[in-house]
Amino acid sequence: MARVGEMEVLQTQMEELRLQLETLRIGEAHRGQSKEVSLVAGIKEWTGIETLAKVSGWTSHDKASIVKAKLQGLALQFLKGREELGRDGCSLEVLRQALIERFSDKLPDQYYDTGLQDAFQGKNESAEEFSDSCRKICLRTIRKVNDEETQRLINEEAERRLLAAYVHGLRGIVGQQVQFQMPSTMEQAVRLAVTVENVEKHKQLTESVKNVFITRSDVECFRCRKRGHYARDCRQETPP
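Residues numbered from 1 in each chain as written. Predicted model: local features only at pLDDT ≥ 70, side-chain atom pairs only at ≥ 80, totals over all residues. Heavy atoms only, no water.

Going by the annotation in an unreviewed UniProt entry, the name recorded for the protein is CCHC-type domain-containing protein, with Cryptotermes secundus given as the source organism.

Take a look at the structure:
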């Protein structure tokens, strides 16, 4: 799972504009010309740079220069260790492919299939949070194909596996109630689980309030077994 974290770090590394971008001149810098870079700060991910490049007229090499300037942490270390990627002639396509190959998740599909089947709700995890966790794992089990109809069938099968894993992994009364109702979609299962969860929380809150305001008449003496007082206040003589 460490590689998954590295990929997430890589995606967030494009959030802030480096200080040197304020004076960055890309494109035909050797001719004293510069291109519009005021939109660089708005780049959040790969799709963002492609969109802004069209507006600003950046070339593939321009985009690669911007990405290099925004890299941090492990991605920056990787770039420094690859001389061919640090050259001015490196295009964005080459740079992107190298970064994806380095930081993409290389775990086998069976790893996520097993992870989905063995998923169980955490002790302090809400029903809704558990559904998000299951869906995140399930997305990694879906094969990508070019045929639209085949992809639709694959997605439907994945949704059924997701539903089965979610219902099976719910804990306690919530899990029992959801299994009993046998929801046909993931949306129904989550909605039902959240409803039962809220009802159980309300019951626990009601019981807590009731225990706080328990009356003295409900108290039973452990010495004489009569109600209305505690053992420390019992007037019955202790048998010899």
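## Things to note about the confidence of the model for the protein
Here is the rule we go by: On a scale of 0 to 100, pLDDT captures the predictor's confidence in every residue. In this analysis, two residues are considered to be in contact whenever any of their non-hydrogen atoms come within 4.5 Å of each other.
The pLDDT averaged across the protein works out to 75; a share of 70% of its residues lies at or above 70. Segment residues 16-34 is flagged for pLDDT under 50; beyond a separation of four residues in sequence, or across chains, it makes 30 contacts in the model. Contacts for the low-pLDDT stretch residues 36-44, under 50 throughout, to residues beyond four places or in other chains number 27 contacts.

## Considering the nonpolar core
Put simply, the test is: To form a nonpolar core, buried Ala, Val, Leu, Ile, Met, Phe, Trp, Tyr and Cys residues must be joined to one another through side-chain atoms within 4.5 Å. Exposed residues in this analysis have more than 50% of their type's maximum accessible area, buried residues have under 20%, and partly exposed residues fall in between, with area computed by a 1.4 Å probe over protein chains only. By the criteria applied, helices consist of DSSP H or I runs no shorter than four residues and strands consist of E runs no shorter than two, each listed in order from the N terminus.
Residues Cys134, Tyr166, Leu170, Val178 and Ala193 are the most contacted members of the largest nonpolar core, which totals 22 residues. Of all the secondary-structure elements, those providing two or more residues to this core are helix H8 (127-139), helix H9 (148-169), helix H10 (172-181) and helix H11 (186-212). Top contributing element to this core by residue count: H9, with seven residues. Setting aside residues up to four positions removed in sequence, cysteine 134 forms contacts with Leu116, Ala119, Leu162 and Tyr166.

## Observations regarding the packing of aromatic side chains
The line we're drawing: Aromatic pairs are defined between Phe, Tyr and Trp rings, using the six-membered ring for Trp, whenever the two ring centres lie within 6.5 Å; interplanar angles under 30 degrees are classed as stacked, those over 60 as edge-to-face, and all others as tilted.
One pass over the structure, following the stated rule, counts one aromatic pair. Note on phenylalanine 130 and tyrosine 166: the rings are 5.4 Å apart at their centroids and 25° apart in plane angle, and the pair reads as stacked. Separated by 36 residues along the polypeptide, phenylalanine 130 in helix H8 and tyrosine 166 in helix H9 bring together distant segments of the chain. Each member of the pair, phenylalanine 130 as well as tyrosine 166, is classed as buried.

## Structural notes on the UniProt feature "domain: CCHC-type" (unreviewed entry) in the protein
Note the following rule: UniProt positions are given in the numbering used here, feature names are shortened, and annotations may be inferred rather than shown by experiment.
UniProt feature "domain: CCHC-type" (unreviewed entry): in the numbering of this structure it lies at residues 221-236. A distance of 10 Å separates the end C-alpha atoms of residues 221-236, which is 0% helix and 0% strand.

## Comments concerning unusual backbone geometry
One non-glycine residue with positive phi stands out, namely methionine 182, at about 50°. Structurally, methionine 182 is set in the loop between H10 and H11. Positioned with a positive phi, arginine 225 is a non-glycine residue whose angle comes to about 65°. Positionally, arginine 225 belongs in the segment after H11. Look at arginine 225 and you get exposed, because its relative accessible area is 52%.

## Section: the packing of helix H4 (residues 73-80) against helix H6 (residues 92-103)
Operational definition: Geometry is summarised by axes, namely lines fitted to C-alpha atoms with helices restricted to the contacting stretch, and by angles between N-to-C directions that run from 0 to 180 degrees. For classification, angles of less than 35 degrees are called roughly parallel, those exceeding 145 degrees roughly antiparallel, those between 65 and 115 degrees roughly perpendicular, and all remaining angles oblique. Crossings are assigned a handedness: left-handed for a near helix turned anticlockwise from the far helix by less than a right angle, right-handed for a clockwise turn. Residue classes follow a fixed rule: Ala, Val, Leu, Ile, Met, Phe, Trp, Tyr, Cys and Pro count as nonpolar, while Asp, Glu, Lys and Arg count as charged, and any other residue, Gly among them, counts as polar.
Relative to each other, H4 and H6 sit at 120°, their axes nearing to 11 Å. Considering their axes alone, H4 and H6 lie oblique with respect to each other. Judged by the twist between their axes, the crossing of H4 over H6 is right-handed. Touching Leu74, Ala75, Phe78 and Leu79 of H4 are Leu95, Ala98, Leu99, Arg102 and Phe103, all from H6. For the contact of H4 with H6, the per-class residue count stands at eight nonpolar, no polar and one charged.

## A closer look at the side chain of glutamate 125
The line we're drawing: Counted as positive: Lys and Arg. Counted as negative: Asp and Glu, with His and the chain ends omitted from the count. By convention in these notes, a salt bridge is any Lys or Arg side-chain nitrogen within 4 Å of a carboxyl oxygen on Asp or Glu. Residues adjacent in sequence count toward polar contacts only when both atoms are side-chain atoms; beyond that, a polar contact is any pair of N or O atoms within 3.5 Å, and within protein one must be able to donate a hydrogen and the other to accept it.
Within the secondary structure layout, glutamate 125 lies in the loop between helix H7 (109-117) and H8. Although glutamate 125 lies buried, it forms no salt bridge, and the closest oppositely charged side chain, arginine 171, sits 7.1 Å away as judged by the N-O distance. A distance of 3.0 Å separates a polar atom in the side chain of glutamate 125 from a polar atom in the side chain of serine 133. Residues within four places of glutamate 125 in sequence aside, it is in contact with Phe120, Phe130, Ser133 and Glu197.

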